[in-house]
Amino acid sequence: AGVQTIGFGAFENCDALTAVTLPEGLITIGENAFRMCTSLASINLPDSIQTIGPSAFSICGALTLRKLPSSLQSIGKFAFYACSSLTSVTLPDSLQTIDSFAFDLCTSLTEINVSADHPVFYVMDGVLFNKADHTLLYYPNGKPDTTYSVPEGTLAIGNTAFADCTNLRAVTLPEGLVTIQAQAFGYNPTLESIVIPDS
């Protein structure tokens, strides 16, 4: 039946690995599977993968992956943490969940893309939101802007949404906002002001 799962830490710290083609039929990339493969620049992900586990590609600083498989359903915590060569990522319509810190410290990442028909997510100016509850989920760390006004209609700032945004100096939150979740603005060395509405 072939390989369906790449297990915990299977290729972790393989720092000479530069390219990988994963087999058709693969369903799960496990936790830490390619963590700290610092030379891994190219990976071919088949359209059978449903899960990318926690820290699966964390600290893969050379990785330039732009498009995720059309079968993908979940991205785990810290999955692409500190993948500093990523510049943009397109999320497939199949994706249902993205855990916290999934793209944190991706310092070159300036935009997330989804289709207009995505059932779960939408994007405004490269920033990722949840459709159902109008939560701002992720502001890309590599966006060069020093100020940002969260769009009207946003009801919540998600867990770690602005974490490690090293360019932002000021954020304005809209009237009608109800919730700011845990670590929403964590680890922001340049952030000087946040305008918080009465709501």
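Here's what I pulled together on the structure shown here. Keep in mind that what you see is a predicted model, and the values were worked out from it rather than measured.

Things to note about the pairing of strand β10 (residues 121–124)
The pairing of β10 with strand β11 (residues 127–130) spans four bridges and is antiparallel. From the neighbouring strand, Phe121 faces β11, where its bridge partner is Asn130. Remark: two residues form the turn of the hairpin made by β10 and β11, two consecutive strands paired antiparallel; Asp125 in that turn has positive phi of roughly 55 degrees.

As for unusual backbone geometry
Of note, the phi angle at Asn32 is positive, near 60 degrees, even though the residue is not glycine. Note on Asn32: relative accessible area 11%, which makes it buried. Not every positive phi belongs to a glycine, and Ile59 is a case in point at roughly 60 degrees. For Ile59, the position within the fold is in the loop between β5 (51–52) and β6 (74–75). Relative accessible area serves as the criterion here: at 27%, Ile59 is assigned to the partly exposed category.

A closer look at the sheet that holds β5
Read from one edge to the other, the open sheet built from five strands follows the order β1-β3-β5-β6-β8, with strand pairing classed as parallel. Looking at strand neighbours, the two that pair on one side only are β1 (5–6) and β8 (97–98), the edges of this open sheet. Pairing analysis gives two bridges linking β1 to strand β3 (residues 28–29), with the strands arranged parallel. Within β3, the residue paired with Ile6 across the bridge is Ile29.

Details of the pattern of salt bridges
One pass over the full model with this rule turns up three salt bridges. Residues Lys143 and Asp125 are paired through a salt bridge, measuring 3.7 Å at the closest nitrogen-oxygen approach. On the criterion of sequence distance, the pair formed by Lys143 in the loop between β12 (135–138) and β13 (147–149) and Asp125 in the loop between β10 and β11 is long-range, its members being 18 residues apart. Between Arg169 and Glu192 there is a salt bridge whose closest N-O contact spans 3.0 Å. Of the two residues, Arg169 is situated in the loop between β14 (156–157) and β15 (170–172) and Glu192 in the loop between β16 (179–180) and β17 (193–195); the sequence distance between them amounts to 23 residues. The class of Arg169 is partly exposed, set by a relative accessible area of 39%.

Looking at the sheet that holds β12
If you trace the five strands from one edge of the open sheet to the other, you get β10-β11-β12-β14-β16, paired in mixed fashion. Each of the sheet's edge strands pairs with one partner strand only, and the pair in question is β10 and β16. Two strands pair when backbone bridges link them, and β14 and β16 are joined in this way by two bridges, in the parallel orientation. From the neighbouring strand, Ala156 faces β16, where its bridge partner is Thr179.

Section: the environment of Pro54
Along the chain, the position of Pro54 falls in the loop between β5 and β6. By relative accessible area, which is 33% here, Pro54 ends up partly exposed. Remark: the alpha-carbon pair of Pro54 and Pro92, spanning 38 residues in sequence, is separated by 18 Å. Ignoring any residue separated from it by four or fewer positions in sequence, one finds Pro54 in contact with Glu31, Asn32, Gly76 and Lys77.

Let's talk about the side chain of Ser94
For Ser94, the position within the fold is in the loop between β7 (88–90) and β8. According to the relative accessible area criterion, Ser94 is buried, its value standing at 18%. Ignoring any residue separated from it by four or fewer positions in sequence, one finds Ser94 in contact with Pro69, Ser70, Ser71, Leu72 and Gln73.

As for a nonpolar patch on the surface
Together, Ile180, Ile194 and Ile196 make up an exposed nonpolar region whose accessible area comes to about 250 Å². Topologically, Ile196 is positioned in the segment after β17.

Conventions we followed
- Residues numbered from 1 in each chain as written.
- Predicted model: local features only at pLDDT ≥ 70, side-chain atom pairs only at ≥ 80, totals over all residues.
- Heavy atoms only, no water.
- Pairing = 2+ DSSP bridges.
- Helix = DSSP H or I, 4+ residues; strand = E, 2+ residues; numbered from the N terminus.
- Buried < 20%, exposed > 50% of the residue type's maximum accessible area, 1.4 Å probe, protein only.
- Salt bridge = Lys/Arg side-chain N within 4 Å of Asp/Glu carboxyl O.
- Contact = heavy atoms within 4.5 Å.
- Patch = residues over 30% accessible without salt bridge, like charges linked within 9 Å, V, L, I, M, F, W, Y side chains within 5 Å.
- Areas by Shrake-Rupley, 256 points an atom, 1.4 Å probe, with all protein chains shown as cover.

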